[in-house]
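Descriptive analysis of the structure
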Amino acid sequence: MNTLALVGNPNSGKTTVFNALTGSNQHVGNWPGVTVEKKEGKFKFNGKTYNVVDLPGTYSLGAFSEDEIVARDFILKGNPDVVINVVDATNIERNLYLTTQLLEMKAKVVVALNMIDEAQERNINFDIEALSKELGVPIVPTIASKRKGIDELIKMSIELIDKDIKPNVKISYGEDIDREIKNLERLLNNKNFEYPSQWIAIKLLEGDKYIYELLSNDESLNSSTEFKDTIDRIKDNIDDYELKIVDKRYEFVNNVVKKAVKRPKEDVETKTDKIDKIVTNKWLGIPIFALIMLLVFQLTFAVGEDLLGGLMSEAMGALGEIIKNSLVKTNSPKWLVSFVSEGIIGGVGAVLEFIPLIVVLYMLMGILEDSGYMARAAYVMDNIMRALGLQGKTFISMIVGFGCNVPGIMATRTLDSKKDRMIATLINPFMSCGARIPVYLVFIAAFFPDKGGLVLFLLYFLGILVALLMGKIFSKTLFKGETSYFIMELPPYRLPSFRNVLRNMWDNVSGFLKRAGTTIFAVVTILWILAVLPLGVEPYSKNSILGQIGTFIAPIFKPAGFGTWQAAVGLFAGLAAKEAVIATLGMVYTGVGEGAALISAVQNAFTPLSAISFMVMTLLYTPCAATIATIRKETNSSKWALFAALYTFLVGWIGAVLVYQIGTLLGFS
Amino acid sequence: MLVETLREIKRQPIFSKKSLADKLNVSEDMVGNALEQLKRMGYLEEEKPSHCSRNCKFCSFNCSSSSLNTMVITPKGEKLLSSN
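Residues numbered from 1 in each chain as written. Chains lettered and ligands numbered in written order. Predicted model: local features only at pLDDT ≥ 70, side-chain atom pairs only at ≥ 80, totals over all residues. Heavy atoms only, no water.

**Quick word on the interface of chain B and chain A**
The cut-off we apply is this: Any two residues whose heavy atoms approach within 4.5 Å at even a single point are treated as in contact. Once two parts are brought into contact, the accessible area they lose, counted with a 1.4 Å probe and summed over both, makes up the buried area. Just to be clear on terms, a salt bridge is a Lys or Arg side-chain nitrogen sitting within 4 Å of an Asp or Glu carboxyl oxygen. As used in this structure description, the phrase polar contact means that two N or O atoms lie within 3.5 Å; if the pair is within protein, one of them must be able to donate a hydrogen and the other to accept it, and residues adjacent in sequence are counted only when both atoms belong to side chains. Each helix corresponds to a stretch of at least 4 residues labelled H or I by DSSP, and each strand to a stretch of at least 2 residues labelled E; elements are numbered beginning at the N terminus. Three categories are distinguished: nonpolar for Ala, Val, Leu, Ile, Met, Phe, Trp, Tyr, Cys and Pro, charged for Asp, Glu, Lys and Arg, and polar for the others, with Gly belonging to the last. Any two strands between which DSSP finds at least two bridges are classified as paired.
Taken together, the contact between chain B and chain A spans 49 residues of the former and 59 residues of the latter. Between chain B and chain A, roughly 4,900 Å² of surface is buried when both sides are summed, and carbon and sulfur atoms account for 57% of that area. The interface formed by chain B and chain A includes four salt bridges. Between Arg94(A) and Glu36(B) there is a salt bridge; the shortest N-O distance is 2.4 Å. Seen at the junction of chain B and chain A, the total is 13 residue pairs in polar contact (both at pLDDT 80 or more). If you list the elements that add at least two residues to the side of chain B that touches chain A, you get α1 (2-11), β1 (14-15), α2 (17-24), α3 (28-40), β3 (69-73) and α4 (75-83) of chain B. Counting residues per element, the side of chain B that touches chain A draws most heavily on α3(B), which supplies eight residues. Taken together, the residues of the side of chain B that touches chain A break down into 23 nonpolar, 16 polar and 10 charged. Of the strand pairs in this sheet, strand β10 (residues 487-489) of chain A and β1(B) are connected by two bridges, and their pairing is parallel. Its bridge partner being in β1(B), Met488(A) is matched across the sheet by Ile14(B).

In structure tokens:
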């Protein structure tokens, strides 16, 4: 029985062709010795039955995977009568690379130019005759999903079985390689390998380990000094040879496509080009980036706070009331009622009620990233980064840091030089992570409810500015040296995928929820214990352990305008996790808890100026414990971790003091 | 074509497939193939930032890798460029 083998790239429609050829007459097994699926089927034509073998989908016929080895072994050792190469007409260059390798094997090939309808829809037109001439094989246009061209494909394949013709197209790999192939062919010609000598020669020059192993078992070859010398010479130049062979295959494909494929003339200037001309403009790029970010924050407030903000707050309030009433009704101990209503609801609830805002912010950030704009932002920032002696890739780790400083610092691993990596690591904590958002939101709601977007934008902007400034200082002092460049592909703009945007948002929000129920819960529990002890003192008062800690630290913050023990203890708790700042304030401000009561308490304890000063401190001061631990791990040095903790505190304190003192001098309160 | 693509990337480190295709006078698909081959052959390496570590269990925010597709020319790639 004659056998036809089907070979093609994944997603070229090969299985559809197989189904169209064999119908339901097929069975599935495994290739011997490997876990690759083997599909075989039969069809009848003019009363004769033919066997069809569907080979695994591959992009090339090297030895990089089991699929590739199975496919090439069957073509070369399984002796199929004809190889049907299914080619996706919409992605011709990539598919023809495999075709060139079939031609090298001297297999009897028929090309099924599949999905021709989709290619025509995209105005990709083929000169079938020219394509057939250039490749030296018959071409049959097919639409396998509609069974169009399948009868013609069968007819052409069967006609070829009895013809003694093989591909006559020869790919030249350049003078030196062609000479080496001929030389190897001569040495291999009298050996009884299952593969053609010329193909073995090409594979040796490509460094195919499988073939090297095969030949190492041949004693007569290995005893030949000439062969050994040839192999040694090849091995010395193996990278060069492999590159040239692949290059020549592409050159061949490129020439074939130029002669036989007509594409619609691509717009010299695509939409992406037109947009890029504006958003990556030397002068407009940065202002546009700033404007886009401002818009993101304005929208975050408009939707997340004005539209949805009340929902979560009301829900948390109602939940708190229900739980408190239930505890009171069931005669629960007083301490438990206090712990749950003031500790848990007041602390964790104060964090949770900002979820709508965080959802909206990360959805908008996801849209920017998935649309391709963030890559342009990195491109635009690259120029500034370079001017400051920083590596452009640093900005990518800074963008990641907007989510959380831990992955932001991990992202600095991609920086090549130690100098660039150290700078990027040390400035990443200034990127305002999501955990700091609840702090800003309480203070914005208390003092700047109509300018929320602008205030949030300015805080993020200040974070970037301070990071760049510190980066410049570090590059001029602690870490001098050349700045390396980075390579990045700018993707074309596209409509953001709803799924990707949702996933990006969920990554952030789910983590936020998880942490509220674990770390924040633990921190709040510890703080609550400290706030009600020692027994006998008024809970949440200055005389509690927490109050005493706060009173001890508070004087440091007096020049910044918030020298109260509550503010001090809030910042102290923020060293464990930044959300704990607001959770602590929610608990210590008269134990009132979250929502409007907390905002009102903050209004009484701060002034607009000290509120700004406090937000600046929260933005810039010592990052959370997880970030410090990551810095220690990434720098492999406790000294650098301590340095990061101390210098960021100093920068935060100086920033807050400057804001408050200058503001006071200017007459603000 | 592969060497030219690599050289062009070195010259224009922030690129789009279209800008490379225009420069090299080939189709964008061809540039895509060349990039894949250069990566497969170890001349170019795609950077997949490993953002996550055990520290992430203390951290609430996203660990998914950024969509910003950065690469690096490997020492093998640099050697190729200097010899061509």
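**Some remarks on the pairing of β3(B)**
Counted only if it meets this: For every residue, the accessible area obtained with a 1.4 Å probe (protein chains only) is divided by the maximum for its type, and the residue is called buried under 20%, exposed over 50%, and partly exposed between those limits.
Among the five residues that make up β3(B), four are buried, leaving the element largely enclosed by the rest of the structure. Both β10(A) and β3(B) contribute to a ladder of three bridges, which runs antiparallel. Along β3(B), the bridge assignment pairs Glu489(A) with Asn69(B). Here three bridges tie strand β2 (residues 44-46) of chain B to β3(B), and the two strands are oriented antiparallel to one another. Note that in β3(B) the partner of Glu46(B) across the bridge is Met71(B).

**Observations concerning the sheet that holds strand β3 (residues 37-45) of chain A**
All names here are of chain A. Inclusion rule: Every axis in this analysis is a line fitted to C-alpha atoms, fitted for helices over the stretch in contact. Angles between the N-to-C directions lie between 0 and 180 degrees.
Pairing is mixed across the open sheet formed by seven strands, whose spatial order is β2-β3-β4-β1-β5-β6-β8. Every interior strand has two partners, whereas the edge strands, β2 (26-30) and β8 (139-141), have only one. Direction aside, the axes of adjacent strands within the sheet are offset by 25 degrees on average. For strand β1 (residues 3-8) and strand β4 (residues 48-54), the ladder comprises four bridges, and the chain directions are parallel. Residue pairing in the sheet places Leu4 in a bridge with Val52 of β4. The strands that helix α1 (residues 14-22) touches are β1, β2, β3, β4, β5 (82-88) and β6 (109-114); relative to β3, the one it contacts most, it runs at about 40 degrees. Each of β1, β5 and β6 touches helix α3 (residues 92-104); the most contacted strand, β5, lies at about 165 degrees to it.

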